[in-house]
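Listed below are the residues making up each chain.
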Amino acid sequence: MFEFLINKLKAHPRKIVFTEGTDPRVLEASARLLSGTFLTPVLVGDPEEIQKVAEEIGFNIRGAEIINPATFEDMEKMVAELTALRKGKVTEEQARELLKQGNYFGTMLVKMGYADSLLGGATYSTADTVRPALQIIKTKPGNKIVSSCFILVRPSATGDREVLAMADCAININPTEDELVEIGLETAATAKLFGVDPKMAYLSYSTYGSGKGEDVDKMRGACAKLKAIAPDLDVDGELQFDAAVSPKVAHTKCPGSSVAGHANTFIFPDINAGNIGYKIAQRLGSFDAYGPILQGLNAPINDLSRGCNAQEVYSMAIITAGLCDD
Ligand SMILES: CC(C)(COP(=O)(O)OP(=O)(O)OC[C@H]1O[C@@H](n2cnc3c(N)ncnc32)[C@H](O)[C@@H]1OP(=O)(O)O)[C@@H](O)C(=O)NCCC(=O)NCCS
Ligand SMILES: CC(=O)OP(=O)(O)O
């Protein structure tokens, strides 16, 4: 599934920071990465503690870089840089305190060029993983927001793979109409990277006006705006989930739609719907879930679900570093 990213990394090896260097799942994934030569783990934490956990779980992490914030030789430089970046918001003393935490320290390692990319969130919440990135790394030029997308994969009935994209399940709590347009554009690009030819549904409890209200108008409006700025994108809405994926229901509720019945890329109205929706697909629909993959951020930094396993950490590390700009 991720061969194209591994090949990209083999051509241009990278370093990835893991903010939770003592987490057993992170150490197992690191040991696996170290058996290749394309992605070097940079583990944040106390080297003795990290080594102890690695031995306890029986994984060899020789070759990993370990950086301990407590003894980091460039800490004063980092404090000064963070204070300057957060001028007026963070004092030097506060910067020093923040940098004792793996999430802020790791993000600054990327900002200052000690590593190319970062993966956190095995134990940190999404908010605590993402906040330093939003504050320090910021959005890419041209983007107004950072959003996120999950790539969901399961074997298909034909022996091939079924791949879906879902957004925004992790960052924007109640996106506006315009933010949903940007989320749609970014998600189409992410879906394409993973081989999905997007048929995008703006989801709602209503199909083509069957329900009324602000929430329905928001999804219909976002869909119309996206169609206007990206006429080549196959997008429709507002659609209920059954109309989006079932050709039979689509025939009844919205005949003539080129998306309904065949949607593979889903834009949710808010984070409640999105987060619950992707977890239903993962836990009851037997999809492997990769993400949240951050979109619109000015460096490759990603979050994990705290419910992740070592295989997911390994895959997300490859996705994160593999998405570094050339
Ligand atoms: C992402 C999130 C943490 C940001 O909110 P917050 O911590 O309250 O942060 P603030 O609103 O104080 O913003 C902090 C900075 O990030 C920026 N920011 C916030 N949301 C942003 C977004 N979506 N895109 C880009 N920048 C954003 C702000 O402009 C601010 O920048 P500044 O400090 O330089 O002015 C918050 O939206 C959140 O908790 N989202 C849900 C996360 C979650 O629980 N997901 C479910 C599990 S995956
Ligand atoms: C993406 C997500 O839901 O993260 P967590 O399970 O850590 O809250």
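Residues numbered from 1 in each chain as written. Chains lettered and ligands numbered in written order. Predicted model: local features only at pLDDT ≥ 70, side-chain atom pairs only at ≥ 80, totals over all residues. Heavy atoms only, no water.

The name given to the chain in an unreviewed UniProt entry is Phosphate acetyltransferase, with the source organism recorded as Pusillibacter faecalis. For the record of the chain, the UniProt heading Sequence similarities (unreviewed entry) holds the text "Belongs to the phosphate acetyltransferase and butyryltransferase family." The UniProt entry for the chain carries the following comment under Catalytic activity (unreviewed entry): "acetyl-CoA + phosphate = acetyl phosphate + CoA". (UniProt positions renumbered as here; feature names shortened; annotations may be inferred.)

Okay, the site of ligand 2 next. For ligand 2, the full set of nearby residues is Thr126, Phe150, Asn275, Tyr278, Lys279, Pro292, Leu304, Ser305 and Arg306. Between ligand 2 and Ser305 there is a distance of 2.7 Å, counted from an oxygen atom to a side-chain nitrogen or oxygen. When ligand 2 sits alone it has 270 Å² of accessible area, and the protein chains cover 87% of it. Here the element with the most residues in the shell around ligand 2 is helix α12 (residues 271–284); it accounts for three residues. (Near = heavy atom within 4 Å. Polar contact = N/O pair within 3.5 Å; in protein donor to acceptor, adjacent residues only side chain to side chain. Areas by Shrake-Rupley, 256 points an atom, 1.4 Å probe, with all protein chains shown as cover. Helix = DSSP H or I, 4+ residues; strand = E, 2+ residues; numbered from the N terminus.)

This brings us to the pairing of strand β2 (residues 39–44). Of all six residues in β2, five are buried, a share of seventy percent or more. Strand direction decides the pairing type here: strand β1 (residues 14–18) and β2, joined by five bridges, are parallel. Counterpart to Lys15 in the pairing with β2 is Thr40. A crossover links β1 with its parallel partner β2, the connecting element being helix α2 (residues 24–34), and its sense is right-handed. In this structure, β2 lies alongside strand β3 (residues 65–67), joined through three bridges in parallel fashion. Paired with Val44 across the two strands is Ile67, which belongs to β3. (Buried < 20%, exposed > 50% of the residue type's maximum accessible area, 1.4 Å probe, protein only. Pairing = 2+ DSSP bridges. Right-handed = clockwise from strand over helix to strand, strands pointing away.)

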